[in-house]
Structure formats: structure tokens, C-alpha cells
Amino acid sequence: MNHEAFSQVTIVVVTYNSAHCLPMLAPLLSVCPNVVISDNGSDDDTAIKAKALLPHAKLLAHGRNLGFGAANNRALDQVETPFALLLNPDCEMTPQALQELLAAAEDFNDAAVLAPQLMASEVKAEVNYRWPTAYWLSRGPAAEGPLCVGFVCGAVMLLRMERMAMTGFFDEQFFLYYEDDDLCLRLFQAKLPMVLCPQVKVLHRSRGSVRGKSPWRSEYLRGYHHAQSKLIFLNKHESLQAAKRLQRQLIWTTTLALPLRVILFSPKLVARMWGRLRGLLEWNAS
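Throughout this description, residue numbers start from 1 for each chain and increase along the sequence as written. Two thresholds apply to this predicted model, a pLDDT of at least 70 for residue-level local features and 80 or more for giving and counting side-chain atom pairs, whereas whole-chain, interface and lining totals are computed over all residues. Side-chain numbers here rest on the full set of heavy atoms in the structure, without hydrogens or water.

Below, the discussion takes up the environment of Asn 284. Helix and strand labels come from DSSP, where a helix needs a run of H or I of at least four residues and a strand needs a run of E of at least two; each type is numbered from the N terminus. Secondary-structure assignment places Asn 284 in the segment after α10 (267–282). Residues Asn 284 and Leu 231, spaced 53 residues apart in sequence, show a C-alpha to C-alpha distance of 9.2 Å.

Right under this line is the structure:
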């Protein structure tokens, strides 16, 4: 294992009630000298446990939930290495995988972002890359080798800091969801390459990063912020008229579907759908 290469990268982990994920992250973070934990006001002692498990890590304890993009931005402001690796707490990445991703960065030295193949299980790949939907539909078989793409999921991203300075990082209008869509679209429009490396595999336990005392409230907030961010993205990259048109459509379809979820008694889905409806009703472009 080439530990010298790890000195070239800072691992950035945004946490929110993610204490249960720390043991899974430790095998990688413990061998990386530069680690920033950006904690969004967890109430499960994530910050305390992170400091005990990873004493060398820099801890940014914000005391409140700034949002995913904003918490990443605060951590990225601390980075002094050539690369930063954004790593969701629910992603299990090995030191070997990081070494392979850094080696790919040397091969593709004009890439602003490099990303691994995310895996839903040991044998099932996720579709964590595509072209920008505003330009083309993504079709065809899965990638068999490294290739340029128009979007990679923000769960794991290796950023070349020098190239990223040309576009900046996350737009903090997006509290949660669509912040990676927005960033990748800006990179694509700036003609800054994003490279998928399918030979590098990372296990992604999707939606496993948050365990709070109120799981239904977490689902409500997922629905709320997903709806708001979808409209913010459309307003920013298409038009206000398109965003308002989608807002009306989604209010109508969500209102019709909500009673069915209540009848079927699916508490998580009811909470998420109620959050979506509130997010749609409360969104205002101004």
C-alpha cells in the first residue's frame, strides 16, 4: 500500500446522526493523514465518537444542520492537499480503492472529478453516472473501462482542487439533494472532465448514513428537501416558468396519491409524501 499517495488527499466526510457509520469508515480514515469531519449538529454524539475513534481528524462541529453542500464547502475551505475525496458516511471504501482512484487521477491529469463504481451489494452495481439529462438520455450497457461522463453521484467524488477552483464547489441554495447535479452540470458546461473509473468499486449502503431519534421526521425532511431542490434546480438551469409548471403538476399528483398511502398504512411513505407536499407548497423562487 502506497501510504505516501494518501498524503496528497484530504478525506471529507459530512455527518448527521452518523455515529453508527464510523466503525465502517475507520479502516480507510485511520490510514489517511488528512481527514475533515464536518458534523451537521448530530444529536447521537457523532462528533464525540469521531474524535475518539479518529483523533488525527479535524472536526468541524457546526452545532446545527447547515445542509449537505454547505457542510462540504466548510470542510473544503480547510483543504490544503492537491485532492479532496468527498465520502458519504454510508460508503464503505477500502484503502486499496482510494489508491486505485488516485492512480487514475495521475493517468487522467486533466480531470476535475474522478469517481468509482458504486455498488449496492458485492455483486450489484448502481447507476451512479450518466449524461446531463438536459442534453441527452443515457442509454447502452454499463461502462467497461474509464470514460468521461456528464454526472457522477456525489456520494464519492475525488476532486482535483486546482481544477475545481474554476467553478467553485456546491451551491448552497440546495440544502439536500440536487447539489451534485448542479455541480456536475456546471463542470460539464465549463468543459472540465469528469471520469468514471468502473474498476474501482465502493459499497454504497444508500440512505444508511442517518439514524435519528425520529425516523419519520427524517423521511418528512427527505421529501421536503427533495421537492424544493428539484424546483430550485429547474429554476436555475431552465426557467422559472418550467419550475412553476412542475410545481403545479407535482402538487396535484402528490395530493391525489397521499390518501392512498394513508389507506395502505405506510408510515415512512406517508411522512415522505407529506414532506414533499409541504416542500412543494412552500417553495417560492424569490
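From this point, the discussion proceeds with the structure in view.
Further remarks concern the pattern of salt bridges. Here, a salt bridge means any Lys or Arg side-chain nitrogen found within 4 Å of an Asp or Glu carboxyl oxygen. Scanning the entire structure with this criterion turns up nine salt bridges. Across the pair Asp 181 and Arg 130 runs a salt bridge whose closest N-O atoms are separated by 2.5 Å. Taken together, the residues Asp 181 in helix α7 (residues 179–189) and Arg 130 in strand β7 (residues 129–130) connect sequence positions 51 residues apart. Buried residues are those whose accessible area, probed at 1.4 Å on protein chains only, stays under 20% of the maximum for their type, while exposed residues exceed 50% and partly exposed ones sit between those limits. The exposure class of Asp 181 is buried, given its relative accessible area of 16%. Across the pair Glu 219 and Arg 222 runs a salt bridge whose closest N-O atoms are separated by 3.6 Å. A residue pair is termed a helical-turn pair when its members lie 3 or 4 positions apart in one helix, as Glu 219 and Arg 222 do in helix α8 (residues 215–237) at three residues. Exposure remark for Glu 219: the relative accessible area of 8% places this residue in the buried category.

Right, let's get into the nonpolar core. In a soluble, globular protein the nonpolar side chains are often hidden away together inside. Counting residues in each nonpolar core, the largest one holds 37 residues, and the members touching the most others are Ile 11, Leu 29, Leu 85, Leu 87, Met 93 and Leu 98. Per-element accounting of this core gives the leading share, six residues, to helix α5 (residues 95–107). Non-local contacts of Leu 85, meaning those with residues more than four positions away in its chain, are made with Val 9, Thr 10, Ile 11, Val 12, Met 93, Leu 98, Leu 101, Val 156, Met 157 and Leu 158. The nonpolar core is taken to be a set of buried Ala, Val, Leu, Ile, Met, Phe, Trp, Tyr and Cys residues, with the residues joined through side-chain atoms within 4.5 Å. Membership of the second largest hydrophobic core comes to 27 residues, among which are Val 79, Ala 115, Phe 151 and Cys 184. Note on contacts: a residue pair qualifies if any of its non-hydrogen atoms lie within 4.5 Å across the two residues.

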